[in-house]
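So the chains spell out like this:
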Amino acid sequence: MTVRAILAGTGSALPRTRVSNAELAARVDTSDEWIVERTGIRFRHIAEPDETTATLGADAARQALAAAGLEPSDIGLIIVATATPDNTFPASATKVQALLGAPDCIAFDVAAVCSGFLYAVSVADSMLRTGAAKHALVIGSETFSRILDWEDRTTCVLFGDGAGAVVLSAEDVEDGRGILATRLHAEGKYCDMLYVDGGPSTTGTVGHVRMQGREVFRHAVTNLASVLGEVMTDVGLSPDQIDWIVPHQANKRIIDATAKKLGLPPERVVLTVDQHANTSAASVPLALDLAVRDGRIKRGDLVVLEAMGGGFTWGAAVLRV
Ligand code: ACO
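Heads up: these notes are all about the structure in this document. Note that this is a predicted model, so its numbers are computed, not measured.

Quick notes on the pairing of strand S11 (residues 244–247)
Every regular strand shows the same layout, with side chains that alternate between the two sheet faces. Neither face of S11 is open: one carries Trp-244 and Val-246, the other Ile-245 and Pro-247, and all of them are buried. Pairing of S11 with strand S12 (residues 302–309) involves 4 bridges; the strand directions are parallel. When the bridges of S12 are listed, Ile-245 appears paired with Val-304.

Section: the site of the ligand
Of all residues adjacent to the ligand, which total 23 residues, the nearest are Thr-30, Arg-38, Arg-153, His-248 and Asn-251. Here a nitrogen atom of the ligand and a side-chain polar atom of Thr-30 are 2.6 Å apart. One of the side-chain N or O atoms of Arg-214 is found 2.9 Å from an oxygen atom in the ligand. In the complex, 76% of the free accessible area of the ligand, which totals 1000 Å², lies under the protein chains. For the shell around the ligand, the secondary structure elements donating two or more residues are helix H2 (32–39), helix H6 (153–156) and helix H7 (213–235). When residues in the shell around the ligand are grouped by element, the largest group, 4 residues, is from H7. Across the shell around the ligand, the residue classes tally to 12 nonpolar, 7 polar and 4 charged.

Here's the deal with the nonpolar core
As a rule of thumb, soluble globular proteins bury nonpolar side chains together. Val-209, Val-304 and Phe-312 are the most contacted members of the largest nonpolar core, which has 44 residues in total. Residue assignment for this core shows that the elements contributing at least two residues are H7, helix H8 (252–262), S12 and strand S13 (313–320). The element best represented in this core is H7, accounting for 8 residues. Counting residues domain by domain, this core receives three or more from each of domain 1 (2–173) and domain 2 (178–320). With near-sequence residues (within four places) excluded, Val-209 lies in contact with Phe-144, Ile-147, Leu-148, Asp-152, Thr-155, Phe-159, Leu-194, Tyr-195 and Val-196. Listed in part, the 37 residues of the second largest apolar core include Ala-112, Val-121, Ala-170 and Leu-305.

Re empty space enclosed by the protein
According to the stated counting rule, one finds 2 cavities of 30 Å³ or more in the structure shown. At the level of secondary structure, the elements contributing two or more residues to the lining of the largest cavity comprise helix H5 (116–129) and strand S7 (161–172). Taken together, the residues of the lining of the largest cavity break down into 9 nonpolar, no polar and no charged. The volume enclosed by the second largest cavity comes to roughly 30 Å³. The wall of the second largest cavity is formed by Ile-245, Pro-247, Ile-255, Thr-258, Ala-259, Val-269 and Glu-306. Where the lining of the second largest cavity is concerned, the elements lending two or more residues are S11 and H8. Here the lining of the second largest cavity gets 3 residues from one element, more than from any other, and that element is H8. In the lining of the second largest cavity, the residues fall into 5 nonpolar, 1 polar and 1 charged.

Observations regarding the packing of aromatic side chains
What describes a pair of aromatic rings is the distance from one ring centre to the other and the angle between the planes of the rings. Applying the stated criterion across every chain yields a total of 2 aromatic pairs. Where Phe-144 meets Phe-159, the ring centres are 5.0 Å apart and the plane angle is 25°; that geometry is what we call stacked. Pair noted here: Phe-144 is in the loop between strand S6 (135–143) and H6 and Phe-159 is in the loop between H6 and S7, with a separation of 15 residues, a long-range link. Taken as a pair, Phe-144 and Phe-159 share a single burial class, namely buried. Taken together, a centroid distance of 5.4 Å and an interplanar angle of 25° make the contact between Tyr-190 and Phe-312 stacked. Placement of the pair is Tyr-190 in the loop between strand S8 (178–186) and strand S9 (194–196) and Phe-312 in the loop between S12 and S13, with a sequence separation of 122 residues. For the pair shown, Tyr-190 and Phe-312 are each scored as buried.

Concerning the sheet that holds S11
With mixed pairing, the 4 strands of this open sheet are ordered in space as S8-S13-S12-S11. Strand pairing shows two members of the sheet lacking a second neighbour, S8 and S11, which therefore form its edges. If you compare each strand with its neighbour and ignore which way they point, the axes differ by 10° on average.

Concerning the sheet that holds strand S4 (residues 77–81)
As summarised here, the arrangement of the 5 strands in space is S1-S7-S6-S4-S5, forming an open sheet in which the pairing is mixed. Each having just a single partner strand, strand S1 (3–13) and strand S5 (106–110) make up the two edges of the open sheet. On average, each strand axis in the sheet is tilted by 20° relative to the strand beside it, whichever way the strands run. Bridge count between S6 and S7: 9 bridges; the pairing is antiparallel. Paired with His-135 across the two strands is Ser-169, which belongs to S7.

Cut-offs used in this document
Residues numbered from 1 in each chain as written. Predicted model: local features only at pLDDT ≥ 70, side-chain atom pairs only at ≥ 80, totals over all residues. Heavy atoms only, no water. Buried < 20%, exposed > 50% of the residue type's maximum accessible area, 1.4 Å probe, protein only. Helix = DSSP H or I, 4+ residues; strand = E, 2+ residues; numbered from the N terminus. Pairing = 2+ DSSP bridges. Near = heavy atom within 4 Å. Polar contact = N/O pair within 3.5 Å; in protein donor to acceptor, adjacent residues only side chain to side chain. Areas by Shrake-Rupley, 256 points an atom, 1.4 Å probe, with all protein chains shown as cover. Nonpolar A, V, L, I, M, F, W, Y, C, P; charged D, E, K, R; others polar. Core = buried A, V, L, I, M, F, W, Y, C linked by side-chain atoms within 4.5 Å. Domains from an automatic or database assignment. Contact = heavy atoms within 4.5 Å. 1 Å grid on protein atoms, 1.4 Å probe; cavity = no way out; pocket = protein on both sides within 12 Å on 5 of 7 lines; lining within 4 Å. Points joined across faces, edges and corners; volume = space filled by probe spheres on them. Phe/Tyr/Trp six-rings, centres within 6.5 Å; stacked < 30°, edge-to-face > 60°. Axes fitted to C-alpha atoms, helices over the stretch in contact; angles between N-to-C directions.

Here is the structure:
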């Protein structure tokens with residue numbers, strides 16, 4: 001008997017308001033040309049006051065539940081990956097649970113910034129395989145617009161808001177489906193390269209995103225190519241056997257450089273950074289949902305997820321859909 005966490009459903013949610021580079025350039029000293037050339041970003045969604053990490057996460061979760069054919073009462077575990085929770089506590093996962101009307105279950109947040117969804121998937125995978133729950137909702141949800149310094153053009157043009165969700169279900173699989181491997185990493189010595197300059201225990205304020213862009217870029221390409229190599233070795237497959245790679249959507253240049261290092265053609269890379277910008281922990285499940293819904297990712301495909309973010313933290317997962 002092989003119990004694995006299989007992908008049972010996906011969902012996503014975006015704030016109502018979409019902002020183009022040109023609209024941003026009207027309030028920040030930047031241009032559509034600079035943003036597109038350096039990042040590939042064209043649009044981002046920005047949350048209105050009534051749209052929060054928990055409400056977006058719950059909207060994405062409802063879609064994922066519907067896709068899986070499940071009810072909130074079927075869920076035994078809710079994990080929300082976020083760096084922008086509604087409140088310092090309680091965990092946004094408990095707010096999502098309340099919004100869904102889900103009864104008593106396990107619910108907590110994971111904080112690993114842009115890699116948060118990969119960390120959450122890995123934790124859920126372990127918990128499902130060891131019997132803690134039968135069905136899990138794993139959500140990446142962010143309202144990064146709330147922690148951006150709108151005077152700092154080197155960061156504020158890069159991020160957007162949104163949420164993505166998956167239902168993972170423990171199943172006794174015989175057909176090779178499910179999560180086949182996950183790998184996680186962190187190197188805290190780089191925590192000053194990408195961080196928020198506030199917090200409850202230091203300044204008592206929420207703070208703003210600060211980043212050394214060039215250093216982040218350099219580490220991202222190296223670390224992502226290396227962790228992708230690790231997970232493919234774990235499953236005994238070569239990169240040419242990957243049907244789809246769903247990367248963290250930070251910057252098209254990082255995505256292109258990583259794919260090139262692995263020898264993966266651009267046709268097998270899911271790209272949403274142009275439409276959503278960097279939605280941190282939400283970017284991988286958002287992109288995954290899009291590619292599942294438009295029919296690119298199909299049952300039986302070998303899919304690789306990867307992300308890197310503040311900490312630095314990074315990780316990857318291989319799954320057969
Ligand atoms: N509009 C116009 N000009 C700008 C802007 C802007 N929004 N931002 C910076 N500039 C200017 C700078 O002031 C600088 O001008 P100068 O040469 O006169 O001093 C010039 O553009 C070049 O700036 P650099 O920072 O050197 O530009 P670079 O080519 O490194 O691109 C970028 C910056 C896009 C941030 C890049 O470093 C990057 O993508 N890094 C990765 C960061 C990232 O994706 N972080 C997300 C979180 S981590 C993760 O998810 C992996």
